[in-house]
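Residue-level structural notes
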Amino acid sequence: MPEPQNFMRVPDPTPKRTLYTDAMEIFHRAADTIGLAPRVRLELEEPDYEHIFYVTAKLKDRLRPLHPEAARSFGDLPVTQVRDPNGLERLADGQILLNGKALLGSDVVIRRGHLRLPDGGVYQLIPGESQRFKAYRVQHNQARGPYKGGIRYHREVSLDLFKALAAEMTWKTAIAEVPFGGGKGGIAIDPRQYGKEELEAITLRFMYKLKRLIGPNIDIPAPDVGTNGEIMALMMRQYLDGERERHVGRAIVTGKDVRIGGSEGRVKATGQGVVYCIEDYYADRGETLKGKTFTVQGFGNVGSNAAEIMAGLGGRLLAVNDSDGTIFNPDGIDVPAVLAYVQDPKNLKRSVAGFPGAQKIEKKDFWEVPAEVCIPAALGGEITGEVAERLKCKIIAEGANGPTTPEADRVLLKRGIDLIPDIIANAGGVTVSYYEWIQNKRMESWTEAEVNAKLEHALKRNYRIIRDIARNTPRKTEMHDSRPFCVGKQVEPRLAAMILALKRIEAHYVIEGFSQ
Ligand code: NAD
């Protein structure tokens, strides 16, 4: 008989660092600073629910371009003439989808599974198969209201990432003073590799599975990276399909097209909020945005709208970096022109790369462009400690979620580069999502001017509280009251923002108590 093993497992002395533990570092520092009640800390340091599920969808037949070398053996293959332009759908990765019915009446010549298109290229026919995708929804906390947070379609997502992003929504909704909690989710997919109808099928299936977990008073999704108002429309349709009282359920998602219950100002809201914060940062110093130079990383919803609004207020855009390229113009980039370039339907990657009004530079050089303001508006973790050492800006306004790593934070502090942290800087999106939700519930529709006036007040008021916490200047003005939140010493801006969030969330537990 084997000897019974008689040993104790020694606990790992250094718990594994993950994206989530990194993201929670600031939470723990703020919790220590304010002496957060231990049970509240336990409630907040892990999500309420973590859902992982799978979505399947039938894909279409596609054409994969053949390398010119391999195409030689098809030298005499006649050209296939497709009469209806909808028969072929070009994707950003160079593949082409075949849209069945639109091909009727075309002269299609297939040889050994290959065909030639009028562009001269030979393509391999890949039969459409069903594919499985991994999907997530993390519901972090609902002490202050229903879970709220975006849906991300991106290849590099994980439970760890969604936990971090969902927690961030809990802090952000508290800071923006909207009666929501935090959630986040999405699908591990690169949407640019799929056609319109394929994405529709995947989204409908996603919502079919999600439906039992969410609701207009339970958990309310919105767009995030890789999704938009069209995806929200599909999600809403699927959620409400067959419901008798469809109109009362429109608040199931926010970020919808205004014609189907979306709010005026929502599309621009996050970028608009970033600029309100930057404007207030300078107003505090008696300055305006006129003539201020800036750079933007990520030229999607947040980055492009922030750039447009900054330029409208007299700011000068010097450089843009996105996932496919980097452009630079020391005299200033013409923002309306670069927007038109990115939105041109022929620009399949929706990238600034190749924009004629600027020169191409390397991504590493982007960070060293001397400008007053840097707006990271792409993905998380982009400003590492090493990048932070090279930055030549005076202030970072975080449009993206979690763009600055904890190590970079320490470098920025050491180098005296100011920061407007993400949980206030990009809170404009969720704030106007809340306005959309109220409008849906009340069956109202507000003007863009009404929306923006409320948004400006909400963000500037809360940003001022955060600045007061950071400087330890408790005071009450006509616009804000920072007295309940200051902690008796100066703290850096990110810690100040987290202190505001935690004090507001803690109040719910302290006053309401815990259900058993
Ligand atoms: P989007 O999909 O519209 O645009 C993303 C942009 O980032 C694209 O231009 C893409 O090319 C670029 N990008 C992606 N990977 C990159 C990389 N590795 N390097 C450089 N650029 C890269 O997404 P969005 O809605 O604008 O969101 C951007 C960020 O803002 C995300 O972090 C998101 O979580 C955050 N955010 C969005 C909203 C919103 O309302 N959309 C609200 C709050 C926060």
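The text that follows walks through the structure, step by step, so that each part is easy to find.

Conventions used here
- Throughout this document, residue positions are counted from 1 along each chain, in the order its sequence is written.
- Per-residue local features are limited, in this predicted model, to residues with pLDDT of at least 70; the limit for side-chain atom pairs, both in listing and counting, is 80 or more; totals at the level of whole chains, interfaces and linings are taken over all residues.
- Processing note: side-chain calculations cover all non-hydrogen atoms of the structure and skip hydrogens and water entirely.
- Elements are defined by DSSP. Helices are runs of H or I of four residues or more, strands are runs of E of two residues or more, and each kind is numbered from the N terminus.
- Two things to know: the radius of gyration comes from C-alpha atoms, and the globule rule equals 2.2 Å times the number of residues to the power 0.38.
- Only protein chains enter the calculation, and the probe is 1.4 Å; a residue is then buried if its accessible area is under 20% of its type maximum, exposed if over 50%, and partly exposed in between.
- By definition in these notes, contact holds between two residues if any of their heavy atoms fall within 4.5 Å.
- Here, a salt bridge means any side-chain nitrogen of Lys or Arg that lies within 4 Å of a carboxyl oxygen of Asp or Glu.
- When DSSP finds two or more bridges between a pair of strands, those strands are recorded as paired.
- A cutoff of 4 Å decides nearness: a residue is near a molecule or strand if any of its heavy atoms lies inside that distance of it.
- Per-residue and other accessible areas follow the Shrake-Rupley method at a 1.4 Å probe size, with only the shown protein chains counted as cover for residues.

Another aspect to go through is the overall build of the protein chain. Tallying secondary structure elements over the protein chain gives 16 helices and 17 strands in all. On C-alpha atoms alone, the protein chain measures out to a radius of gyration of 25 Å, which is about the 24 Å that the 2.2 N^0.38 rule sets for 516 residues. When its C-alpha atoms are laid out on the principal axes, the protein chain stretches across 80 × 75 × 65 Å. Expressed as a percentage of its 516 residues, the buried residues of the protein chain come to 52%. A separation of at least 24 residues holds for 70% of the contacts in the protein chain among residues at least 6 apart in sequence.

What follows is about the pattern of salt bridges. This structure, assessed with the given rule, holds 46 salt bridges. Here arginine 494 ties to glutamate 398 by a salt bridge, and the two come within 2.9 Å at their closest N and O atoms. Of this pair, arginine 494 sits in helix H16 (residues 493–512) while glutamate 398 is found in the loop between strand E16 (395–397) and helix H12 (406–415), placing the two residues 96 residues apart along the sequence. Here arginine 494 matches glutamate 398 in class, with each residue buried.

Pairing is mixed in the open sheet, where seven strands are placed in the order E14-E13-E12-E11-E15-E16-E17. Every other strand in the sheet has two partners, leaving strand E14 (359–360) and strand E17 (418–420) as the edge strands with one partner each. When E16 meets E17, the two strands line up parallel, connected through three bridges. Residue pairing for E17: isoleucine 395 is matched across the bridge by aspartate 418.

In the vicinity of the ligand there are 24 residues, among which Asp224, Thr270, Ser323, Ala378 and Asn401 approach most closely. Coverage of the ligand by the protein chains reaches 85% of its 840 Å² of free accessible surface. Elements with a minimum of two residues in the shell around the ligand: helix H7 (266–283), helix H8 (301–312) and strand E12 (316–322).

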